[in-house]
Amino acid sequence: MKHLFIVVFLFTTVQFSAQTDADNLKKIYSNSLTNGMSYQWLDHLSNQIGGRLSGSLNAEKAVRYTKIEFENLGLDKVWLQPVMVPRWVRGAPEFAYFETSPGVTTNVNICALGGSIATPVGGLKAKIVEVGTYEDIKTLGREKVEGKIVFINRPMQADLISTFDAYGGCSVERYAGAAEAAKYGAVGTIVRSLNLRLDDYPHTGSMGYGDLEVSKRIPSAAISTNDAELLSGMLALNKNLNFFFSQNCKQLKDVQSYNVIGEITGSEFPNEIIVVGGHLDSWDLGDGSHDDGAGVVQSMDVLRLLKESGITPKRTIRAVLFMNEENGLRGGRKYAEAATSKKEKHIFALESDSGGFTPRGFSFECSDAILAKVQSWRPLFKPYLIHFFEKGYSGADIGPLKDDAIVLAGLRPDSQRYFDHHHAANDTFEHVNKRELELGAASMTALIYLMDKYGTETISNDDELKD
Ligand SMILES: [Zn+2]
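The structure displayed is predicted, hence computed values, not measured ones. (Residues numbered from 1 in each chain as written. Predicted model: local features only at pLDDT ≥ 70, side-chain atom pairs only at ≥ 80, totals over all residues. Heavy atoms only, no water.)

Caption draft 1: Spatial organisation of the sheet that holds strand β6 (residues 149-152). Spatially, the 8 strands line up as an open sheet ordered β3-β2-β9-β5-β6-β7-β8-β4, and their pairing is mixed. What marks the edges here is a single partner per strand, and that holds for β3 (104-108) and β4 (110-112). Within this sheet the neighbouring strands show an average axis-to-axis angle of 30°, counted without direction. As defined by bridge partners, strand β2 (residues 95-101) adjoins β3 across 5 bridges and the pair is classed as antiparallel. Note on β3: the bridge partner recorded for Glu99 is Thr105. Packing against the sheet, helix α6 (residues 171-183) makes contact with β6, β7 (188-192) and β8 (220-223), and its axis sits at approximately 155° to β7. (Pairing = 2+ DSSP bridges. Helix = DSSP H or I, 4+ residues; strand = E, 2+ residues; numbered from the N terminus. Axes fitted to C-alpha atoms, helices over the stretch in contact; angles between N-to-C directions. Contact = heavy atoms within 4.5 Å.)

Caption draft 2: Here's a closer look at empty space enclosed by the protein. This model, assessed by the stated rule, comprises 1 cavity of 30 Å³ or more. Within this model, the largest cavity holds a volume of roughly 60 Å³. The wall of the largest cavity is formed by Ser282, Trp283, Leu285, Gly286, Gly288, Asp291, Glu326, His423, Ala424 and Asp427. Partitioned by chemical class, the residues of the lining of the largest cavity number 3 nonpolar, 4 polar and 3 charged. (1 Å grid on protein atoms, 1.4 Å probe; cavity = no way out; pocket = protein on both sides within 12 Å on 5 of 7 lines; lining within 4 Å. Points joined across faces, edges and corners; volume = space filled by probe spheres on them. Nonpolar A, V, L, I, M, F, W, Y, C, P; charged D, E, K, R; others polar.)

Caption draft 3: Focus on the coordination of the zinc ion. Binding of the zinc ion to the protein goes through His279 (NE2), Asp291 (OD), Asp353 (OD) and Asp353 (OD), at separations of 1.9 to 2.8 Å. For the zinc ion, the 4 donor atoms in the first shell make angles of 50 to 143° at the metal, so the coordination geometry reads as irregular. Sequence spacing among the residues donating to the zinc ion works out to H-x11-D-x61-D. Of this pair, His279 sits in strand β11 (residues 269-279) while Asp353 is found in the loop between β13 (345-351) and β14 (359-365), placing the two residues 74 residues apart along the sequence. Its relative accessible area of 15% is what places Asp353 among the buried residues. (Donors = N, O, S within 2.8 Å, 3.2 Å for Na, K, Ca; no water. Tetrahedral: all angles 85-135°; square planar, octahedral: opposite > 155°, others 65-115°. Buried < 20%, exposed > 50% of the residue type's maximum accessible area, 1.4 Å probe, protein only.)

Caption draft 4: Quick peek at the layout of surface pockets. Size it by volume and the largest pocket reaches roughly 1,200 Å³. Lining the largest pocket are 49 residues, and of these Phe164, Tyr167, Glu325, Tyr393 and His422 sit closest to its centre. Among the elements of the structure, β1 (77-89), α5 (163-169), α6, β10 (250-264), β14, β15 (388-391) and β16 (407-413) are those that each provide at least two residues to the lining of the largest pocket. For the lining of the largest pocket, the element with the most residues is α6, which contributes 4 residues. Here the residues of the lining of the largest pocket are counted per class, giving 17 nonpolar, 19 polar and 13 charged.

Caption draft 5: Seen up close, the sheet that holds β11. Spatially, the 8 strands line up as an open sheet ordered β1-β10-β12-β11-β13-β16-β14-β15, and their pairing is mixed. Each having just a single partner strand, β1 and β15 make up the two edges of the open sheet. Each adjacent strand pair in this sheet contributes to an overall mean axis angle of 20°, direction not counted. In terms of strand pairing, β10 meets strand β12 (residues 315-322) through 5 bridges, oriented antiparallel. Residue pairing in the sheet places Ile264 in a bridge with Ile317 of β12.

Caption draft 6: Looking closely at the nonpolar core. Judged by nonpolar contacts, the single largest core of 62 residues is most densely connected at Phe348, Phe362, Phe364 and Phe381. Ranked by residue count, the leading element in this core is helix α13 (residues 434-454), at 9 residues. Tyr184, Met207, Tyr209 and Leu212 belong to the second-largest nonpolar core, a separate cluster that totals 19 residues. (Core = buried A, V, L, I, M, F, W, Y, C linked by side-chain atoms within 4.5 Å.)

Caption draft 7: Just the environment of Gln40, in detail. With respect to the helices and strands, the residue Gln40 is situated in helix α2 (residues 38-49). Residue classification places Gln40 among the exposed positions, given a relative accessible area of 52%. Considering only alpha carbons, one finds Gln40 and Val297, 257 residues apart in sequence, at a separation of 8.8 Å.

Caption draft 8: Region of the structure containing the pattern of salt bridges. Taken as a whole and judged by the stated rule, the model has 26 salt bridges. Here Arg330 and Asp254 are joined by a salt bridge, their closest N and O atoms 3.1 Å apart. Taken together, the positions of Arg330 in helix α9 (residues 330-341) and Asp254 in strand β10 put the pair 76 residues apart, joining distant regions of the chain. Lys391 is the salt-bridge partner of Asp368, the closest N and O atoms lying 2.6 Å from each other. Here the residue Asp368 occupies a position in helix α10 (residues 368-375), and Lys391 occupies one in strand β15, the gap between them amounting to 23 residues. Judged by relative accessible area, which is 58%, Asp368 ranks as exposed. Counted as one network, the salt bridges with shared partners bring together Lys77, Glu263, Arg318 and Glu344. (Salt bridge = Lys/Arg side-chain N within 4 Å of Asp/Glu carboxyl O.)

Caption draft 9: Summary view of the packing of helix α8 (residues 289-308) against α13. For the pair α8 and α13, the least separation of the axes is 8 Å and the interaxial angle reads 55°. Taken together, the axes of α8 and α13 are oblique relative to one another. The handedness of the crossing between α8 and α13 comes out as right-handed. Contacts between α8 and α13 pair Ala294, Val297, Gln298, Ser299, Asp301, Val302, Leu305 and Leu306 from the former with Leu437, Gly440, Ala441, Ala442, Met444, Thr445, Ile448 and Tyr449 from the latter. Here the contact of α8 with α13 is composed, by residue class, of 11 nonpolar, 4 polar and 1 charged. (Parallel < 35°, antiparallel > 145°, perpendicular 65-115°, else oblique. Left-handed = near helix turned anticlockwise from the far one by under 90°.)

Caption draft 10: Local environment of the packing of aromatic side chains. In this structure the tally under the stated criterion is 17 aromatic pairs. With a centroid separation of 3.7 Å and an interplanar angle of 0°, the aromatic rings of Tyr29 and Tyr384 are classed as stacked. One end of the pair, Tyr29, is in helix α1 (residues 2-35); the other, Tyr384, is in the loop between α11 (378-381) and β15, with 355 residues separating them in the sequence. A relative accessible area of 3% places Tyr29 in the buried class. Here Trp377 and Tyr454 contribute two aromatic rings whose centre-to-centre distance is 6.2 Å and whose plane-to-plane angle is 35°, an arrangement assigned as tilted. (Phe/Tyr/Trp six-rings, centres within 6.5 Å; stacked < 30°, edge-to-face > 60°.)

So, in structure tokens, the structure goes:
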């Protein structure tokens, strides 16, 4: 009888708990969709401030703005974490054309890649040679490359369902193509934009010269996908085309900037920390609404939604707005460094840096046991059409926190339209849908709520089951 009583008691407790969780998720989603702040904050970041390249005045304005907004939420702690960041500036707009015969030119859309050097004053004109991949540069060798501009024309693979996989498949061309071409005597590189769509926007992004001597560095730019197709077509007809481009970007001295941090201190285990974040810096061509204004405002709203939904976290929940993800990752590294030196115990970190589109779920860097535990929460997310709980990549900014004790996760929104906008002039506010953004913020809050409530240990859970 006593035994039966315990079983009944446990059963009702579990039922009650599941019911509470379902109710709390409903509150979180309702709050986000009816009085969420994420869209309003994004409007300000995008339309009142704009692109937030590290070290720029706009980046500093964004630091000040988000700190004030955190303070307005009445959090337990709000602070700025100083970090030195690189400062690369684009300078005057780039200009480029190809020349089919003397004086007959066709303009094309390019933009300097982040970190690139400028062309010589007055621009750079040379013969152009096309390659399909990074490896092809070596195959062509010095004989065919020396003195020329190398045009790396590798389209993103269209039949991959995860467009991030397609992006990863050709990011080496953008990042390291110039350094490789320079080794064989090239004078510049033009790289096809990492965009699955055919359009006129060139997409920037970081590039690096590795250990290439300063004197051997060559300028590198991205060309729009439409113009990459056009140029490739023209080259098929005439291998002797001249290509001209001018850009006067520059790497200046590092400057002081900040990660912006807001915290709700844990009511039971204040020393166990859960991080939710995105990156506050962006590229400069658009206003960085999807990358990563969305992740920033969603992370801010996680703290607000917990409060609004009457949830008192047991553990400390920190929203971290990281500086300098795009061209240095200094903010992410600084945060992890400080966490280590203060011996802080981080149990979970969640990043949103894949755009503000309809959320589909999360990918996790964790053990099989933790994944099983997370997957057991699936029914709670079913009403919100969140179904993806798999192992996979989390996020760049939280990456440096990785160790055996922490679980890392990334929000996985639908990715089909992300690379239409990524790092381009059309990454702007009007391309973010209010409800999609709010559903993302709610999904993140829901996961944080569950992680806070049940922790990331699996042993205690097993014990519960044995009872
Ligand atoms: Zn990003």
